[in-house]
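Listed below are the residues making up each chain.
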Amino acid sequence: MRKDVRILLVGEPKVGKTSLIMSLVSEEFPDVVPYRAEEITIPADVTPERVPTHIVDYSEAEQTDEQLSSEISKANVICIVYAVNNKKSIEKVTNHWIPLINENTDKDSRVPIILVGNKSDLVEHSSMETILPIMNQYTEIETCVECSAKNLKNISELFYYAQKAVLHPTGPLYCPEDKEMKPACIKALTRIFKISDMGNDGILNDNELNFFQRTCFNAPLQAQALEDVKNVVRKNVIDGVRDNGLTLKGFLFLHTLFIQRGRHETTWTVLRRFGYDDDLELHQDYLFPFTLKIPPGCTTELNHNAYLFLQSVFDKHDKDRDCALSPEELKDLFDVFPYLPWGPDVNNTVCTNDQGWITYQGYLSQWTLTTYLDVQRCLEYLGYLGYSIVSEQESQAAAITVTRDKKIDLQKKQTQRSVFRCNVFGDRGSGKSGFLQAFLGRNLVRQNAINEEHVSYYAISTTYVYGQEKYLLLHEVVPDIDVLSDAELTCDIVCLVYDSSNPHSFEYCARIFKHYFLDGKAPCMMIAAKSDLQEARQLYALSPLEFCRAHKMPPPQGFTCNTADAPCRDIYTKLATMAMHPHARLRCMCNCNKCTFCQLQNFLNSELVQTVKAKLYTAVLSRHMTQADLGSSTFWLKASVGATMFAVLGFAMYRMLLKQR
């Protein structure tokens with residue numbers, strides 16, 4: 001909505017321009033009329049549309065042609081005043097004033113014009129027969145009002161229609177010659193219909209119509225009013241109502257009817273509620289509510305409500321209920337977008353089914369990736385889907401969570417993050433791309449079928465860390481050791497991939513590690529890819545195992561994607577665990593439940609130990625212990641012996657673990 005409206009009155013001398021303004025202000029016909037009235041401003045609280053309005057007069061006697069041109073260019077709407085009893089002033093409308101206005105305004109954005117027939121009190125006939133052909137000839141003319149400054153007839157209506165021509169213009173919505181809505185208006189209303197059609201069945205049922213009415217006008221329709229609307233559509237449009245619901249055809253007919261009956265404000269209220277500006281483009285303030293400032297060390301994620309909304313959008317378009325979106329279903333989902341946001345590379349970024357269709361998990365993963373890498377783009381996409389409207393939020397910014405600084409997570413040794421980034425480094429041909437695709441469940445056979453033009457340098461999916469579902473984002477870094485950017489170095493964990501069958505492959509990983517990650521700020525893991533092939537001795541001063549020991553890294557992890565089924569995902573769980581708990585020095589690099597560490601972890605997490613722990617805590621620190629109990633030497637002796645036994649047992653297990661590792 002505009003912040004204000006500027007109305008300019010022009011016309012031949014003596015037609016009553018100044019009298020109209022003074023009659024509006026004083027509510028009586030002035031005895032003395034100056035050549036020109038000073039610019040007046042009507043406050044927002046006394047105008048029907050609640051918008052400040054500036055009214056500007058023009059006088060040929062006091063103003064130059066340059067000043068007139070300047071006022072025309074600044075005006076939002078122009079009232080051409082003629083005298084109904086003066087044919088010459090009517091002729092000047094087409095001979096002089098409309099051409100002059102068009103010369104001083106852009107062709108693509110014509111200023112709306114109101115024709116004002118003043119002095120209607122002096123004649124008994126109407127000038128409308130003469131004016132109607134002019135209105136049909138010039139589409140920029142919004143309407144014509146006959147009035148009388150002397151009798152105060154239609155004075156308020158004149159300026160109301162002028163306001164309305166600016167705030168609710170007909171031009172972008174309707175073509176008078178064709179008597180139908182313009183394509184841009186149809187496109188916008190179609191998007192609104194599809195967003196409001198929660199069931200995606202092509203009709204708006206009573207619940208959906210009431211939600212739409214409440215969203216746009218803050219009041220639901222009464223049952224009888226709803227039925228009356230449907231009856232009007234039934235009488236005028238075939239297939240306008242189906243299964244007692246309003247179809248798109250019926251929805252568009254209703255808005256055409258509103259416009260034809262002069263109720264443009266109804267259609268404009270709907271359009272603006274769904275984010276459209278005066279040019280029927282989605283407003284930038286709607287798509288980008290504000291610029292999210294992400295402090296260093298923080299990331300952006302979708303919150304729970306956003307995932308619920310995206311889940312509802314997926315369910316809405318997954319018509320066959322196979323938990324995957326076919327190309328037709330995906331196209332239908334993105335029909336409310338001005339362009340297709342996801343390219344073919346997305347199918348190689350997230351999980352797909354055997355047919356190559358994006359699964360439910362893959363769909364959420366792609367949204368998570370977009371939020372993490374480009375939150376402004378995510379806000380834009382959510383705007384197209386109508387997140388703020390459907391979820392009844394102030395804006396789609398309510399869907400975003402900015403995580404706390406990673407430094408605080410490290411200090412507190414805990415994190416609330418759900419997305420962890422792993423940058424994957426390795427020389428050309430080392431198997432980085434295969435490592436990324438294996439995370440999505442694709443073995444070597446499926447990877448060979450990928451089109452090289454659709455290769456993605458990202459892969460994202462979920463994995464579980466101690467029972468919690470987390471997103472692991474893998475990013476393949478181009479192997480250029482000298483020009484790595486801050487973005488390529490910023491991550492939660494580093495993955496160094498080398499080809500175990502190539503004797504020259506490990507050297508690159510060692511150089512990358514020493515050059516950028518020797519400070520140990522990010523945990524690192526070495527991956528011996530292509531472990532199904534004959535292992536070659538690496539031509540480097542230290543073997544990969546010795547290198548990892550020297551730099552206090554976990555031993556190299558063997559990996560291959562040359563499997564009959566989907567590759568093993570254990571390695572990705574380890575990566576996510578290390579990313580989530582970078583402070584942990586003693587890490588188990590397996591999920592076997594057989595080694596000492598796994599057995600110790602299971603034992604410590606068992607119900608028996610937790611029960612004993614709780615009872616000991618109660619016995620030692622109970623508030624009900626008497627002062628005598630605390631002063632008893634027997635009590636403290638027992639406590640000391642117990643503590644010593646636990647310490648000895650823990651140290652023995654720790655030694656056993658070190659020996660095995």
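These lines cover the structure that appears in this document, whether it is placed above or below. The structure presented is a predicted model; accordingly, all values stated were derived computationally and were not measured.

About the criteria used
Residues numbered from 1 in each chain as written. Predicted model: local features only at pLDDT ≥ 70, side-chain atom pairs only at ≥ 80, totals over all residues. Heavy atoms only, no water. Helix = DSSP H or I, 4+ residues; strand = E, 2+ residues; numbered from the N terminus. Contact = heavy atoms within 4.5 Å. Salt bridge = Lys/Arg side-chain N within 4 Å of Asp/Glu carboxyl O. Buried < 20%, exposed > 50% of the residue type's maximum accessible area, 1.4 Å probe, protein only. Pairing = 2+ DSSP bridges. Axes fitted to C-alpha atoms, helices over the stretch in contact; angles between N-to-C directions. Phe/Tyr/Trp six-rings, centres within 6.5 Å; stacked < 30°, edge-to-face > 60°.

Before going further, it helps to spend a moment on the environment of Ile450. Along the chain, the position of Ile450 falls in the loop between helix 19 (444-448) and strand 17 (458-465). Those residues in contact with Ile450, other than ones at most four positions away along the chain, are Asn348, Gln437 and Val455.

Once that is clear, we can look at the pattern of salt bridges. Applying the stated criterion across every chain yields a total of 15 salt bridges. Here Lys164 makes a salt bridge to Glu265, at a shortest N to O gap of 3.3 Å. Residue Lys164 is found in helix 5 (residues 155-167), and its partner Glu265 is found in helix 10 (residues 264-273); the two are separated by 101 residues along the sequence. For Lys164, a relative accessible area of 8% gives the class buried. Look at Glu265 and you get partly exposed, because its relative accessible area is 24%. The residue Lys194 makes a salt bridge to Asp335 at a minimum N-O spacing of 2.0 Å. Here the residue Lys194 occupies a position in helix 6 (residues 183-196), and Asp335 occupies one in the loop between helix 13 (327-333) and strand 14 (358-359), the gap between them amounting to 141 residues. Using a relative accessible area of 26% as the deciding quantity, one classes Lys194 as partly exposed.

With that out of the way, let us pick up unusual backbone geometry. A positive phi angle is found at Asn154, which is not glycine, with a value near 60°. Examined against the element boundaries, Asn154 turns out to sit in the loop between strand 6 (141-146) and helix 5. Taking relative accessible area as the criterion, Asn154 reaches 26% and is therefore assigned partly exposed. Non-glycine residue Tyr466 carries a positive phi angle of around 50°. Summarising the element assignment, Tyr466 is placed in the loop between strand 17 and strand 18 (468-476). A relative accessible area of 60% means that Tyr466 is categorised as exposed.

Turning next to the sheet that holds strand 2 (residues 40-42). In sheet architecture, strand pairing relies on hydrogen bonds along the backbone and comes in two forms, parallel and antiparallel. Pairing is mixed in the open sheet, where six strands are placed in the order 2-3-1-4-5-6. Strands at the two margins of the open sheet, each flanked by one partner only, are strand 2 and strand 6. Going across the sheet, the axis of each strand differs from the next one's by a mean of 25°, ignoring polarity. Looking at chain direction, strand 2 and strand 3 (residues 53-56) are connected through three bridges and run antiparallel.

Taken as a whole, this structure holds 28 aromatic pairs when the rule is applied. With 5.1 Å between their ring centres and 50° between their planes, Phe314 and Tyr363 make a pair best called tilted. Placement of the pair is Phe314 in helix 12 (residues 304-317) and Tyr363 in helix 14 (residues 360-373), with a sequence separation of 49 residues. Across the pair, exposure class does not vary: Phe314 and Tyr363 are buried alike. Taken together, the aromatic side chains of Phe314, Phe334, Phe337, Tyr339, Trp342, Tyr360, Tyr363, Trp367, Tyr381 and Tyr384 make up a single cluster linked through ring pairs.

Before going further, it helps to examine the sheet that holds strand 10 (residues 241-242). Taken together, three strands build an open sheet; the order of strands is 9-11-10 and the sheet is antiparallel. Only two strands of the sheet have a single neighbouring strand rather than two, namely strand 9 (203-204) and strand 10. With two bridges connecting them, strand 9 and strand 11 (residues 245-247) associate as antiparallel partners. The residue of strand 11 that forms the bridge with Ile203 is Thr247. Most of the contacts of helix 9 (residues 248-260) go to strand 11, to which it runs at about 80°, and overall it touches strand 9 and strand 11.

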